[in-house]
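Understanding the architecture of this molecule
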Amino acid sequence: MFKFIETHPFSIAAAIFSVIIIGGLVEVWPAFTQNTRPMEGLKPYSALELAGRQIYIREGCNNCHSQLIRPFKNETDRYGAYSKSGEYAYDRPFLWGSRRIGPDLFRVGAVRTTDWHEAHFRDAQSTSPGSVMPNFTWFFEDNTDIDTAYAELITLKQVFNLPYDSEGMPKTGTYDEVKKAMLDEAALITADMKSADIKTSLEQGNIKEVVAMIAYLNRLK
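Notes on the structure in this doc start here. If you're wondering where the values come from, they're calculated on a predicted model, not measured in any experiment. (Residues numbered from 1 in each chain as written. Predicted model: local features only at pLDDT ≥ 70, side-chain atom pairs only at ≥ 80, totals over all residues. Heavy atoms only, no water.)

1. Overview of the packing of helix H3 (residues 47–58) against helix H10 (residues 209–219)
Convention followed: What counts as an axis is a line fitted to C-alpha atoms, over the stretch in contact for a helix, and the angles between N-to-C directions run from 0 to 180 degrees. By the criteria applied, helices consist of DSSP H or I runs no shorter than four residues and strands consist of E runs no shorter than two, each listed in order from the N terminus. Geometric relationships in this document are graded by angle, where less than 35 degrees denotes roughly parallel, more than 145 denotes roughly antiparallel, 65 to 115 denotes roughly perpendicular, and other angles denote oblique. Whether two residues touch is decided by their heavy atoms; if any such pair falls within 4.5 Å, the residues are in contact. Three classes are used, and their members are as follows: Ala, Val, Leu, Ile, Met, Phe, Trp, Tyr, Cys and Pro are nonpolar, Asp, Glu, Lys and Arg are charged, and the others, Gly among them, are polar.
Closest axis-to-axis distance for the H3/H10 pair is 7 Å, and the angle between their directions is 100 degrees. Judged on the interaxial angle alone, H10 and H3 are roughly perpendicular. Contacts from Leu48, Glu49, Ala51, Gly52, Arg53, Ile55, Tyr56 and Arg58 of H3 reach H10 at Glu209, Ala212, Met213, Ala215, Tyr216, Leu217 and Arg219. Classifying every residue of the contact of H3 with H10 by side-chain character gives nine nonpolar, one polar and five charged.

2. Observations regarding the layout of surface pockets
A probe matching the size of a water molecule, rolled over the atoms, marks out where space remains unfilled. What counts, and what does not: The way it works is a 1 Å grid over only the protein atoms, where trapped points that fit a 1.4 Å probe form a cavity and open points with protein on both sides within 12 Å along at least five of seven lines form a pocket, and then any residue with an atom within 4 Å of a point lines it. Grid points are joined across faces, edges and corners, and a volume is the space filled by probe spheres set on the points.
What the largest pocket holds in volume is close to 770 Å³. Lining the largest pocket we find 33 residues, and of these His65, Gly102, Pro103, Leu105 and His120 sit closest to its centre. Put simply, the parts of the chain that give the lining of the largest pocket at least two residues each are helix H4 (73–79), helix H5 (114–122) and H10. Considering each element in turn, the lining of the largest pocket owes the most residues, four residues, to H5. Across the lining of the largest pocket, the residue classes break down as 20 nonpolar, eight polar and five charged.

3. A look at the packing of aromatic side chains
Here is the rule: In this scheme Phe, Tyr and Trp rings, the latter by its six-membered ring, pair at centre separations within 6.5 Å, and the angle between planes marks the pair as stacked below 30 degrees, edge-to-face above 60, and tilted otherwise. The rule is simple: take the accessible area with a 1.4 Å probe, protein chains only, and divide by the maximum for that residue type; under 20% is buried, over 50% is exposed, in between is partly exposed. Here, a charge over a ring means that NZ of Lys or CZ of Arg falls within 6 Å of the ring centre while also lying within 35 degrees of the ring normal.
All chains considered together, the criterion is met by 12 aromatic pairs. Note on Tyr88 and Phe106: the rings are 4.8 Å apart at their centroids and 15 degrees apart in plane angle, and the pair reads as stacked. Of this pair, Tyr88 sits in the loop between H4 and H5 while Phe106 sits in the loop between H4 and H5, and the two are 18 residues apart along the sequence. Between Tyr150 and Tyr175, the ring centres sit 5.5 Å apart and the planes meet at 85 degrees, which makes this aromatic pair edge-to-face. Here the residue Tyr150 occupies a position in helix H7 (residues 146–158), and Tyr175 occupies one in helix H8 (residues 175–190), the gap between them amounting to 25 residues. The partly exposed category is assigned to Tyr175, whose relative accessible area is 29%. Of the aromatic side chains, those joined through ring pairs into one cluster are Tyr88, Phe94, Trp96 and Phe106. Over the ring of Phe140 we find Arg122; its NZ or CZ atom is 3.9 Å from the centre of that ring. The lysine or arginine in question, Arg219, covers the ring of Tyr45, its NZ or CZ lying 4.2 Å from the ring centre.

Treat this as a map of the structure, not an account of what it does.
Below, the structure is given as structure tokens:
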């Protein structure tokens, strides 16, 4: 039998393909059958945090910044406690990253302030001399996509059954209710920012992308 497989290209290709399929199923099956319990006190992302996460994905931030602290002393000394599975219970998709051109950001919200993030996005060299991170000046000019954030909020509730609207959790509600919640959350963030233009924009009902990004990063604790 083995001689037949080895001497016929189609047979050996089919055998290799079968092994890959079986191995792949063994790897991914637990992800579909195990329901990871969220850490105590963990809440789903608010609409503003989701908007910031969308920007984070759009800009490819996880290509340079991982969000996975491994259980090794050199990592925990620098980045804090190692990551637990329950901390990712509401992540759709995961943003672990595959390398670190910049530092891991899984707990960045615990060590960086709102005004630090503001200055860092405007001019990374001003807060981190020698940084190769580009300046994200358009974050201060472009408005947050509230419509898409609302759509994702509803999708996470209805498709993935995340516990929005439960006691102590973020609410879905109508579009106007969610927009108001986003503006209220943005107001708390802009209060700690230095840019007068961002505060003026918020008074006009617009949330700059930098505010949504900071909301998301502040969430990472």
